[in-house]
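Now for the letters of each chain:
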Amino acid sequence: MKKNLSILVCLFLSIYSQAQIHEIGVFLGGSNYIGDVGNTTYIAPNEPAFGIVYKWNRSPRHAWRISYTQSTISADDFNSEEPSRRLRGYHFENSIKELSLGLEFNFFDFNLHTLAHKFTPYVASGINFFAYDDLYVELGETIKNRGKNAIAIPMILGIKTNISRSLVLGAEVGARYTYTDNLDGSNPKDTNLSVLRFGNLNNNDWYVFSGITVTYTFGEKPCYCAE
């Protein structure tokens, strides 16, 4: 009777603990911008980016994730392959501070309760809130106006594997579609600056974070019962 009760308790704790594995760690990598200034390469990090990430693994297939990432984004028309941009010669630099809330989905089971080596590709999306500097370009010089906030939709593709019982290593690329067209100063909203607008005013800007994540796992562990 005691043995059966012990097995039932262990099974209950094991099932319960599967919703209690957490990860916390760091993101290290680079950023690049896609818009009306500079080159049009989608993945071309040219500025350092760093942040922190937290994941709550609700099952071996999905996890809620929260992250904070910050970086400088910059671009220069002289790095573009388009003759019109090189002739124009604009350049800019902006600061991005991003808070992201989202859901991560694993293509394969990624059960952190087992000691076996695990590997899976994953995708993630959600909603981002970010702060940036409102810019405008005058006489070829980029001028900071004031701080702004906006929303972005992330589209993240990555791979990850466990490198020890408590550490997970990942690599990911995440493009962010923003609800602003003025990360580069091409479309200031101030009506007094409307004559300074340039580029394609019908398309919003993007920015991309590419890099690696290293996370430490913690939380309830399963109960291992002797037979």
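Remember, it's a predicted structure, so these values are computed and weren't measured experimentally.

1. Here's the deal with the overall build of the chain
Phase 1 of the analysis: In terms of regular secondary structure, the chain is built from two helices and eight strands.
Phase 2 of the analysis: Across the chain, helices and strands are ordered from the amino to the carboxyl terminus as α-β-β-β-α-β-β-β-β-β.
Phase 3 of the analysis: Relative to all contacts within the chain whose residues are 6 or more apart in sequence, the contacts with residues 24 or more apart total 69%.
Phase 4 of the analysis: If you sum the accessible surface of the chain, you get close to 12200 Å²; carbon and sulfur atoms cover 62% of it.

2. Some words on the pairing of strand β2 (residues 47-57)
Phase 1 of the analysis: Bridging between strand β1 (residues 21-34) and β2 involves 11 bridges; their strand directions are antiparallel. For Ile21, the partnering residue across the bridge sits in β2 and is Asn57.
Phase 2 of the analysis: Across nine bridges, the pairing between β2 and strand β3 (residues 62-76) is antiparallel. If you follow Val53 over to β3, its bridge partner there is Ser67.

3. Thoughts on the pattern of salt bridges
Phase 1 of the analysis: Throughout the structure, instances matching the rule amount to nine salt bridges.
Phase 2 of the analysis: Here Glu104 ties to Lys55 by a salt bridge, and the two come within 3.0 Å at their closest N and O atoms. With Glu104 in strand β4 (residues 91-106) and Lys55 in strand β2, this pair connects stretches of sequence that are 49 residues apart.
Phase 3 of the analysis: Given a relative accessible area of 0%, Glu104 falls into the buried group.
Phase 4 of the analysis: Look at Lys55 and you get buried, because its relative accessible area is 3%.
Phase 5 of the analysis: Between Arg85 and Glu82 there is a salt bridge, and its shortest N-O distance comes to 3.5 Å.
Phase 6 of the analysis: Under the relative-accessibility criterion, Glu82 is labelled partly exposed at 33%.
Phase 7 of the analysis: Because the salt bridges share partners, they merge into one network encompassing Lys55, Arg65, Glu104, Lys160 and Glu172.

4. Digging into the nonpolar core
Phase 1 of the analysis: Counting 18 residues, the largest nonpolar core has Ile73, Phe92, Ile96, Phe130, Leu183 and Tyr207 as the members making the most contacts within it.
Phase 2 of the analysis: Counting residues per element, the ones that place at least two in this core are β1, β3, β4, β5 (119-138), β6 (141-162) and β8 (206-219).
Phase 3 of the analysis: With four residues, the top contributor of residues to this core is β5.
Phase 4 of the analysis: With near-sequence residues (within four places) excluded, Phe130 lies in contact with Ile96, Lys97, Glu98, Lys148, Asn149, Ala150, Ile151, Ala152, Thr178, Thr180, Leu183 and Tyr207.

5. Focus on the side chain of Asp36
Phase 1 of the analysis: Within the fold, Asp36 resides in the loop between β1 and β2.
Phase 2 of the analysis: Arg85 is the oppositely charged side chain nearest to the buried, salt-bridge-free Asp36, at an N-O distance of 4.6 Å.
Phase 3 of the analysis: Apart from the residues within four sequence positions on either side, Asp36 is in contact with Asp77, Arg85, Arg88, Asp181, Asp184, Ser186, Phe198, Gly199, Asn200 and Asp205.

6. Some thoughts on the packing of aromatic side chains
Phase 1 of the analysis: One pass over the full model with this rule turns up nine aromatic pairs.
Phase 2 of the analysis: Both rings, one in Phe130 and one in Tyr207, keep their centres 5.4 Å apart while their planes meet at 70°; by these two values the pair is edge-to-face. With a gap of 77 residues between them, Phe130 in strand β5 and Tyr207 in strand β8 connect regions that are remote in the sequence. The same class applies to Phe130 as to Tyr207, namely buried.

7. Quick notes on the environment of Gly102
Phase 1 of the analysis: Within the element layout of this structure, Gly102 appears in strand β4.
Phase 2 of the analysis: Each C-alpha atom of the pair Gly102 and Asn128 lies 8.4 Å from the other, and the pair is 26 residues apart in sequence.
Phase 3 of the analysis: Beyond its immediate chain neighbours, meaning those up to four positions away, Gly102 contacts Ala63, Trp64, Arg65, Ser125 and Gly126.

8. Examining the side chain of Ser100
Phase 1 of the analysis: Summarising the element assignment, Ser100 is placed in strand β4.
Phase 2 of the analysis: With a relative accessible area of 7%, Ser100 lands in the buried category.
Phase 3 of the analysis: Once residues within four sequence positions are removed from consideration, Ser100 is found in contact with Arg65, Ile66, Ser67, Ile127, Asn128 and Pro154.

9. Observations concerning the pairing of strand β7 (residues 167-178)
Phase 1 of the analysis: Side chains Val168, Gly170, Glu172, Gly174, Arg176 and Thr178 project from β7 onto a buried face, and the interleaved Leu167, Leu169, Ala171, Val173, Ala175 and Tyr177 project onto a face without burial.
Phase 2 of the analysis: Here β6 pairs with β7 via 11 bridges, running antiparallel. Bridge pairing in β7 places Ala152 opposite Thr178.
Phase 3 of the analysis: Counted along the chain from β6 to the antiparallel partner β7, the turn is four residues long.
Phase 4 of the analysis: Of the strand pairs in this sheet, β7 and β8 are connected by 11 bridges, and their pairing is antiparallel. Paired with Gly174 across the two strands is Phe209, which belongs to β8.

Cut-offs and rules
- Residues numbered from 1 in each chain as written.
- Predicted model: local features only at pLDDT ≥ 70, side-chain atom pairs only at ≥ 80, totals over all residues.
- Heavy atoms only, no water.
- Helix = DSSP H or I, 4+ residues; strand = E, 2+ residues; numbered from the N terminus.
- Contact = heavy atoms within 4.5 Å.
- Areas by Shrake-Rupley, 256 points an atom, 1.4 Å probe, with all protein chains shown as cover.
- Pairing = 2+ DSSP bridges.
- Salt bridge = Lys/Arg side-chain N within 4 Å of Asp/Glu carboxyl O.
- Buried < 20%, exposed > 50% of the residue type's maximum accessible area, 1.4 Å probe, protein only.
- Core = buried A, V, L, I, M, F, W, Y, C linked by side-chain atoms within 4.5 Å.
- Lys, Arg positive; Asp, Glu negative; His and termini not counted.
- Phe/Tyr/Trp six-rings, centres within 6.5 Å; stacked < 30°, edge-to-face > 60°.

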